[in-house]
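# Coordinate inspection notes
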Amino acid sequence: ERRGMHRIDPATGDALEPVAEHDAEDVDAALDEATAAFESWSDTRLEERRRLLTEAADVLRDRTEEFARLMTREMGKPIEGARAEVEKSAWGLDHYAEHAPEYLADEHIGTEAGTKSFVSYEPLGPVLAVMPWNYPFWQVFRFAAPNLVAGNVGLLKHASNVPECALAIESVFEEAGFPEGVFRTLVVGSERAEEVIRDDRVRAVTLTGSEPAGRAVGGAAGEELKPSVLELGGSDPFVVLDDADLAAAASVGASARTLNSGQSCIAAKRFVVHTDVYDEFLERFVAEMESLVVGDPTDEGTDVGPQAREDLMAEVHEQVTASVEAGATVETGGEPLDRDGFFYPPTVLTDVPRDAPLGCEEVFGPAAAVFEVESEAAAVELANDSDLGLGASVWTEDLERGERVARRIESGGVFVNELTKSDPRLPFGGIKDSGYGRELARQGIRAFLNEKTVWVQ
Ligand code: NDP
C-alpha cells in the first residue's frame, strides 16, 4: 500500500519505517499558524526576508550530505545527482535573495500628465504547494524561494513516498531562523489535499505532477476562484537535424533521457532524427545508452538508479511492452533487471507507431523512442504532434536554423544544442496538457502576487 506514508527503499524493495501522518487537527492548526504568520511576514522588511533566504541556502549547503542521502534512500536518486540537487536548491534561494528587489520593484507606467501611476507587487497569503517525489528538494525550493521572499507563506503537501524529505525541508527554514508558520509541511496523502485547497485560509495552489493530479488540483482551485500554477508532464522532442554534431547529440541525448533515472518532466522522450543522419545517430545513441552504469544509487559513479516506486517501474514496462506489441523494435533494454529493487535499464525503441504509448504518452523512466523523418518540416510536425508541450531540444550546427526551428516548436521552452534544464534565471513551464503558468525568474515570482494598480492624481 503506497498511500499513507508507508515507504519502500526502491534500491532494495525493503520497507522503510512509516512516517506518521498529520491528522485534521494538525492541519487546522498549521493553517491557523500560516494565517497568523502571513500578517507579520508580509509586513517584514524585504531586506530581512532576503537575509533569511540566504541563511536557508547556508543551511542547505552545510547539510548537503545528509539531505542527499535522504533523497537517495526515499526515492533512489543516484547520490551525485542528489548532492547537485541540494546545491541547485541553494542557488534558487540565493537567486531570489539577490534579485527580489528588482523583481518586486514598483513598475511605473506613464499615463496622464501630472498623475503618478504604477503597479505594486503584493503577496496574497498562504500558498499550498503539492509537490512530486522526483526532485524532492529542488521542486519545493523553486516554489518556496520566490514566494517567501515576496511575502507569501508556504504550505507543502509533498508526495507520499518522500515524507522525510518534506520534514527535512521544513527544518531548513526553522534552522535558518524563519518565523514560525512561514513554511509548514503537512504530512497528508493526496486524498486530503482537496480540503486544504478549498480552505478559505489558503489563497493559491501550485502543483507539479501528473495530468490527473493537475486536473483535480486545477479543478478544485478553479471552483474556489483561486489562482493556480500547474507543471505537469512532458513528452519532449529531441530533434536531430542533418547538420547536427552527432557525437554531442548522442551523448547529451542519452543524458537527457536518463537524467534522474529517466524520471524528469523535461527529459528528452521522443528522438526525432533526420533521415540523412538517422543510422549514425542511432548507432551512437544506443552505444551511449548501453555505456551508462545502472546500479546502487549510493555508489559514486552510478548513472541510472532504481525507479522510485514499483508501480512506476511497472508502468514504464507496460508502455514499452505495449509499444512493442504495436510494432516497435527493441534496440536495447526492454526488460526490468533481475535483481532486488526497481531497476529498469536504459531502453531504446525504433519503429514506434505514433499512437503507441512511447509515441504519445509521457514515459517516466529511461526508455526512448527514436523516429526517422525526411525533412526539417517533418521534424517540426512530429515534434508538435503531442498533447503535451513542456520542453524541447534541437540539434544543428546552424544557429539561425536552430532559432527558426525553436520558434516553431509548441512548448514552454526550447534549448538549441543543449538539453532542456531548469535555471532560476529563466522562466519554466508548459503549454497544452503540460499545464499553465510559469515558475522561476521574474515570471515565477509574479505567479502569486497581487499586481495592484495604483493611480495618484
Ligand atoms: P502524482 O501526480 O500522483 O503525484 C504528484 C503529487 O500530486 C503528489 O504530491 C501526489 O500526492 C499529489 N496528488 C496526486 N493526485 C492528487 C489529487 N487528486 N489531488 C491532489 N494531489 C494529488 O504522480 P505519481 O507519483 O503517481 O506519478 C505518476 C506519473 O506522474 C509519473 O509516471 C509521471 O508521468 C507523472 N509525474 C510528473 C512529474 C513532473 O515532474 N511533471 C512528477 C511526478 C510524476 P500523493 O503522493 O500523496 O499521491
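We now turn to the structure provided with this report. Please read all numbers here as calculations on a predicted model, not as lab measurements.

## Examining the overall build of the protein chain
A count of helices and strands for the protein chain gives 15 helices and 20 strands. For a compact globule of 457 residues, the expected C-alpha radius of gyration is about 23 Å, and the protein chain comes in at 22 Å, within 12% of that figure. Its C-alpha atoms put the protein chain at 65 × 60 × 40 Å along the principal axes. Across the 457 residues that make up the protein chain, the buried fraction comes to 58%. For the protein chain, contacts bridging at least 24 residues in sequence account for 73% of all contacts bridging at least 6. Surface exposure of the protein chain reaches about 18,100 Å², of which carbon and sulfur atoms provide 47%. Taken together, the 42 basic and 88 acidic charged side chains of the protein chain have centroids lying 5 Å from each other.

## Points about the side chain of Arg 142
Its location among the elements puts Arg 142 in helix H5 (residues 138-150). Of the polar contacts made by the side chain of Arg 142, one reaches the side chain of Gln 139; its length is 2.9 Å. Setting aside its immediate chain neighbours within four residues, Arg 142 contacts Thr 208, Glu 231, Ser 422, Phe 428, Glu 439 and Leu 440.

## So, the sheet that holds strand E6 (residues 153-157)
Taken in spatial order, the six strands line up as E7-E6-E5-E8-E9-E19 in an open sheet, and their pairing is mixed. Of all the strands in the sheet, just strand E7 (183-185) and strand E19 (435-436) have a single pairing partner and so form its edges. Sheet analysis places strand E5 (residues 126-130) next to strand E8 (residues 204-208), joined by four bridges and oriented parallel. In the strand pairing of E8, Val 127 is matched with Ala 204. Contacts from H5 reach E5, E6, E7, E8 and strand E9 (228-231), with the element oriented near 160° to E6.

## Some points on the pattern of salt bridges
This structure, assessed with the given rule, holds 41 salt bridges. Taking the shortest distance from any N to any O, the salt bridge between Arg 7 and Glu 164 comes out at 2.7 Å. Taken as a pair, Arg 7 in strand E1 (residues 7-8) and Glu 164 in helix H6 (residues 163-176) lie far apart in primary sequence, 157 residues in all. Taking the shortest distance from any N to any O, the salt bridge between Arg 215 and Glu 211 comes out at 2.9 Å. Note that Arg 215 and Glu 211 are positioned in helix H8 (residues 211-223) at a spacing of four residues, about one turn of the helix.

## Quick notes on the packing of aromatic side chains
Taken as a whole, this structure holds 13 aromatic pairs when the rule is applied. Between Phe 141 and Phe 173 the ring centres are 5.5 Å apart and the planes differ by 35°, which places this aromatic pair in the tilted class. With a gap of 32 residues between them, Phe 141 in helix H5 and Phe 173 in helix H6 connect regions that are remote in the sequence. You can call Phe 141 buried: its relative accessible area is 0%. You can call Phe 173 buried: its relative accessible area is 1%. Note on Phe 271 and Phe 285: the rings are 4.5 Å apart at their centroids and 35° apart in plane angle, and the pair reads as tilted. Of this pair, Phe 271 sits in strand E11 (residues 268-274) while Phe 285 sits in helix H10 (residues 278-291), placing them 14 residues apart in sequence. Of the residues examined, Phe 285 reaches a relative accessible area of 0% and is grouped as buried. We note Arg 339 situated over the ring of Phe 343; from NZ or CZ to the ring centre the distance is 3.8 Å. Between the NZ or CZ atom of Arg 446 and the centre of the ring of Tyr 121, over which it lies, the distance is 3.9 Å.

## A short note on the pairing of E11
Moving residue by residue along a regular strand, the side chains alternate between the two faces of the sheet. Across the seven residues that make up E11, a large majority, seven, are buried. Across five bridges, strand E10 (residues 236-240) lies against E11 in parallel orientation. Residue pairing in the sheet places Asp 236 in a bridge with Ala 268 of E11. Following the chain from E10 across helix H9 (residues 246-258) to the adjacent parallel E11, one finds a crossover that is right-handed. As paired strands, E11 and strand E14 (residues 367-373) are joined by five bridges and run parallel to one another.

## Here we look at unusual backbone geometry
With a phi angle near 55°, Asn 260 is a residue other than glycine that sits in the positive phi range. Within the element layout of this structure, Asn 260 appears in the loop between H9 and E11. On the basis of relative accessibility, which here comes to 9%, the residue Asn 260 falls in the buried class. Notably, Asn 417 is not glycine yet its phi reads approximately 60°, a positive angle. With respect to the helices, strands and loops of the structure, Asn 417 is situated in the loop between strand E17 (415-416) and strand E18 (431-432). Exposure remark for Asn 417: the relative accessible area of 26% places this residue in the partly exposed category.

The rules behind each value
Residues numbered from 1 in each chain as written. Predicted model: local features only at pLDDT ≥ 70, side-chain atom pairs only at ≥ 80, totals over all residues. Heavy atoms only, no water. Helix = DSSP H or I, 4+ residues; strand = E, 2+ residues; numbered from the N terminus. Rg over C-alpha atoms; globule rule 2.2 N^0.38 Å. Buried < 20%, exposed > 50% of the residue type's maximum accessible area, 1.4 Å probe, protein only. Contact = heavy atoms within 4.5 Å. Areas by Shrake-Rupley, 256 points an atom, 1.4 Å probe, with all protein chains shown as cover. Lys, Arg positive; Asp, Glu negative; His and termini not counted. Charge placed at Lys NZ, Arg CZ, Asp CG, Glu CD. Polar contact = N/O pair within 3.5 Å; in protein donor to acceptor, adjacent residues only side chain to side chain. Pairing = 2+ DSSP bridges. Axes fitted to C-alpha atoms, helices over the stretch in contact; angles between N-to-C directions. Salt bridge = Lys/Arg side-chain N within 4 Å of Asp/Glu carboxyl O. Phe/Tyr/Trp six-rings, centres within 6.5 Å; stacked < 30°, edge-to-face > 60°. Lys NZ or Arg CZ within 6 Å of the ring centre and 35° of its normal. Right-handed = clockwise from strand over helix to strand, strands pointing away.

Note that all results are geometric; they support no functional claim without further evidence.
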